[in-house]
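Each chain, letter by letter, is given below.
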Amino acid sequence: MKIVIAGAGSIGYHLAKLLSKENQDITLIDQDENVLEQIASKLDVMTLCGNASSVNILKSANVSQADLFISVTTSESTNLLTAILAKQKGAKKTIARVNNTEFLKKEQREYFAKIGIDQIISPQNLAAQEINRLVKRASLTDIFDFENGKISIVGFTIDASSRLIGKAISEIDNTGFDYRGVALLRNHTTFIPRGRTILQKGDHLYLIINTKHIDKVMPFLGMQSRVIKKIMIVGDTPLALQCALLLQKNYDVKVVMQNENKARFFLNSLDKTLIIIGDPGNRELLEQEGLAQMDAFIALTKNSEINILSNLIAKDAGVYKSIALVNNEVYTHISQNIGVDTIINKKLIAANNIFRFVRKGIIEAIATLHGVNAEIIEFEISNNCKVISKSLFDLNLPDSCIIAGVIRNKQSIIPGGDFCIKAKDKVIVFALPEAINQVESILA
């Protein structure tokens, strides 16, 4: 697949990095020659220095032959313009990154589709929505919904109080709801848990379950669910504002930030949120503003280290749920080990949203679990797919993947080995990197 990416910032670079591993034909456009030189020394991609909104630059990138054009520069207007131009020049599918949430409304999306922009994405909005889901299910470290919430993958840490320690997966089936172990992260190593897998303290386990049974997960773990009422957000970023706008509808929200001008802007935008001016990394200030009484703490400054540090302060003060925004992938892989409940990485979230346009077959969704080197892919089984009427036993899937769940006629199913796939089924697959190509060849 030929893919052209406009913008070599954090999202553009991360996409190029991921896609280059897939042996895709990648061209990366940016106006900063030094940045492009650094990327070219690390990745097997073609780089092109220039303004992506220039017709000549697009011609040089052979955009007319592009299967996918992705515009993720820091300029929203540039992204929209270049996507439109790329479509006019022959690109088969175009994606543009935006910041304005108004553009995400159905009527706006339909308008953009008419003028050549097939998909609008907002990393900021995607991250805010994920934070909102995590706050709703605060006892879990991760939650990913599929098919509008019909089936979910949930993550949790097996701590010292868990009744699951020392038990095999096959020994904990008397739960009153269907589930399947999808992934287990142990000492930075990811593997698929089997019936004989013995659970240990510190394991991070992911289960797939019918979403309506999520409230049964905590008793299953031998823990009590916690209802979130009070939230403290630190940071003056656009994501902090969007999260406050979203969360103030249902929670008592405080936002701490240093910049007085931005504080005034937040005040004009928010009607149910208390704004506090001060250093987000100052423990004394946070404690004076009621840190110990908070149920959740969300750090969304531009600085990953400050976000992690303030989260650790919050956890030390007894805050139940901690969420930190980070830019560095290294932090994403060690979040549970350093004491932060959940790490949010906007570029990873955006990449997941875009990746479904790269995978073979009819892809409904893709998710990446925090710290887990694998993908969860939701395939729609086409009418001519070779797996139709075959049982899971007969699919010859590699051991490094698992069909975790199926949506059939709006019903969520946790399938057994004798389950037979039908056309139009939505099949949710967890796959380690070495299995992805084989899974695509079987299910696409």
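Structure shown above.
This write-up is about the structure you can find in this document.

What to know about the environment of serine 412
Next up, step 1: Within the secondary structure, serine 412 is located in strand E21 (residues 411-413).
Next up, step 2: Excluding anything up to four places from it in sequence, serine 412 contacts Lys150, Ile151, Asn210, Val406 and Ile407.
Next up, step 3: From its side chain, serine 412 meets the backbone oxygen of lysine 150 in a polar contact 3.5 Å long.
Next up, step 4: A polar contact is formed between the side chain of serine 412 and the side chain of asparagine 210, at a distance of 2.6 Å.

Section: the pattern of salt bridges
Next up, step 1: Enumeration over the complete set of coordinates arrives at 12 salt bridges.
Next up, step 2: Between aspartate 341 and lysine 315 there is a salt bridge, and its shortest N-O distance comes to 2.9 Å. Linking aspartate 341 in the loop between helix H12 (329-334) and strand E17 (342-344) with lysine 315 in helix H11 (residues 304-316), this pair joins segments that are 26 residues apart in sequence.
Next up, step 3: The closest approach of N and O atoms between lysine 424 and glutamate 380, which form a salt bridge, is 3.8 Å. Placement of lysine 424 in the loop between E21 and strand E22 (426-431) and of glutamate 380 in strand E19 (residues 375-380) is noted, with a sequence separation of 44 residues between them.

A short note on the nonpolar core
Next up, step 1: Within the largest apolar cluster, 51 residues are counted, with the highest numbers of intra-cluster contacts made by Phe156 and Ile233.
Next up, step 2: It is helix H8 (residues 238-247) that provides the largest number of residues to this core, a total of 7 residues.
Next up, step 3: Look past the residues within four positions of phenylalanine 156 in its chain and what remains in contact with it is Leu140, Thr141, Leu164, Asp203, His204, Leu205, Leu207, Val217, Phe220 and Leu221.
Next up, step 4: Judged by nonpolar contacts, the second largest core, of 46 residues, contains Ala8, Val45, Leu68 and Phe379.

Some remarks on the sheet that holds strand E1 (residues 2-6)
Next up, step 1: With parallel pairing, 6 strands are arranged side by side in an open sheet as E3-E2-E1-E4-E5-E6. A strand with exactly one partner marks an edge of an open sheet, and here the two such strands are strand E3 (46-49) and strand E6 (119-121). The average undirected angle you get between the axes of adjacent strands in this sheet is 15 degrees.
Next up, step 2: Bridge analysis of strand E5 (residues 93-97) against E6 gives 3 bridges, and the strand direction is parallel. Paired with alanine 96 across the two strands is isoleucine 120, which belongs to E6.

Calculation criteria
- Residues numbered from 1 in each chain as written.
- Predicted model: local features only at pLDDT ≥ 70, side-chain atom pairs only at ≥ 80, totals over all residues.
- Heavy atoms only, no water.
- Helix = DSSP H or I, 4+ residues; strand = E, 2+ residues; numbered from the N terminus.
- Contact = heavy atoms within 4.5 Å.
- Polar contact = N/O pair within 3.5 Å; in protein donor to acceptor, adjacent residues only side chain to side chain.
- Salt bridge = Lys/Arg side-chain N within 4 Å of Asp/Glu carboxyl O.
- Core = buried A, V, L, I, M, F, W, Y, C linked by side-chain atoms within 4.5 Å.
- Buried < 20%, exposed > 50% of the residue type's maximum accessible area, 1.4 Å probe, protein only.
- Pairing = 2+ DSSP bridges.
- Axes fitted to C-alpha atoms, helices over the stretch in contact; angles between N-to-C directions.

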